[in-house]
Amino acid sequence: MSPRRASRSPDPPEAARIGLAGLDAGPIERAFRVEAPGESLGALPLPFEYVDVEVEVRRADGAAIRARGTLGARAVAECRRCLEPTRIRVRASWDALYRPPGRVTPGEEGVWALDAQSGELDLAGPIREELWVNAPAWVECSRDCPGLCPTCGVRLAEQDCDCAPPEPDARWAALEGLGGRSAGASEGASEGAPEGDIP
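Draft legend 1. Structural view of the overall build of the protein. In terms of regular secondary structure, the protein is built from three helices and eight strands. Helices (α) and strands (β) of the protein occur, in sequence order from the N terminus, as β-β-β-α-β-β-β-β-β-α-α. Out of the 199 residues in the protein, the part that is buried amounts to 35%.

Here's what the structure looks like:
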């Protein structure tokens, strides 16, 4: 992006909006941080602490406006195995097209309604959408986290415990030996690979 003018000073959380004054003179580039994304962007998949946004806004065909940019966000959530706080980072590129409401088809991907009378471009929708798409489906502190002992609750990555292994579930007994593997092995093989922090 090489716009003719740029503003890179930090903005308050509510500034997920960009003023359009002077857009006819050339593209506008902005960089800002949303400090309270859960409040200003709406419901999010993780408790994000902040979202850093870089965006370029320019005129598109007709009355449309295109906004392209990148975002970087950070959240801290519990590991689903050991319940330890785990830092998650999300980075993504995004591209949004804004059209007058009469030219927006419901369900059209990447197209948002433009409120020309407000004189501002609301970026909350595209940013929120990218966070939902790029956030991990689950949080794990590491791919090989052993989790907690289901009996005593000790964190197995830090110490062993003397608890007896859990009794096998009798409901799987009829499947034992099928295909040369136990039911427990079959069940484990169907699980997807764990996801860790997004770099």
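Draft legend 2. Here's a closer look at the state of the cysteines. This model, assessed by the stated rule, comprises zero disulfides. C141 takes part in no disulfide bond, and the closest cysteine sulfur, belonging to C145, lies 3.6 Å away. Looking at C141, the relative accessible area reads 30%, which means it is partly exposed. C145 sits in the buried class, given a relative accessible area of 3%.

Draft legend 3. Spotlight on unusual backbone geometry. A positive phi angle, near 70°, is found at L83, a position not held by glycine. Structurally, the position occupied by L83 is in the loop between β5 (65-78) and β6 (85-99). The exposure class of L83 is partly exposed, given its relative accessible area of 45%.

Draft legend 4. Region of interest: helix α2 (residues 124-134). For α2, the set of buried residues is A124, G125, P126, I127, E130 and L131. Where α2 is buried, its residues contact α1 (37-40), β4 (48-59), β5, β6, β7 (111-113) and β8 (120-122).

Draft legend 5. Structural view of the side chain of T86. Mapped onto the elements of the fold, T86 is located in strand β6. T86 sits in the buried class, given a relative accessible area of 4%.

Draft legend 6. Representation of the packing of aromatic side chains. Counted according to the given criterion, the structure contains zero aromatic pairs. Its end group placed over the ring of Y50, R33 keeps NZ or CZ at 3.9 Å from the ring centre. Its end group placed over the ring of W138, R80 keeps NZ or CZ at 4.5 Å from the ring centre.

Draft legend 7. Focus on the pairing of β4. Judged from the seven bridges that link them, strand β3 (residues 28-34) and β4 form a sheet pairing that is antiparallel. Within β4, the residue paired with I28 across the bridge is V57. Bridge count between β4 and β5: eleven bridges; the pairing is antiparallel. Across the sheet, Y50 pairs through a bridge with R74, a residue of β5. Counted along the chain from β4 to the antiparallel partner β5, the turn is five residues long, and its residue G62 has a positive phi close to 60°.

Draft legend 8. Main features of the pairing of β5. Relative to β6, β5 runs antiparallel, the two being bridged by 14 bridges. Among the inter-strand pairings, T70 is bridged to a residue of β6, identified as S93.

Draft legend 9. Local environment of the pattern of salt bridges. Under the defined criterion, the tally for this structure stands at twelve salt bridges. When salt bridges with common partners are traced through the structure, they connect R17, E120 and D122 into a single cluster.

Draft legend 10. Quick peek at the environment of P126. Tracing the backbone through its elements, the reader meets P126 in helix α2. Its relative accessible area of 5% is what places P126 among the buried residues. The spacing of P126 and W112 is 14 residues in sequence and 8.2 Å in space, taken between C-alpha atoms. What P126 contacts, discounting residues up to four positions off in sequence, is W94, A96, Y98 and W112.

About the criteria used
Residues numbered from 1 in each chain as written. Predicted model: local features only at pLDDT ≥ 70, side-chain atom pairs only at ≥ 80, totals over all residues. Heavy atoms only, no water. Helix = DSSP H or I, 4+ residues; strand = E, 2+ residues; numbered from the N terminus. Buried < 20%, exposed > 50% of the residue type's maximum accessible area, 1.4 Å probe, protein only. Disulfide = S-S within 2.5 Å. Contact = heavy atoms within 4.5 Å. Phe/Tyr/Trp six-rings, centres within 6.5 Å; stacked < 30°, edge-to-face > 60°. Lys NZ or Arg CZ within 6 Å of the ring centre and 35° of its normal. Pairing = 2+ DSSP bridges. Salt bridge = Lys/Arg side-chain N within 4 Å of Asp/Glu carboxyl O.

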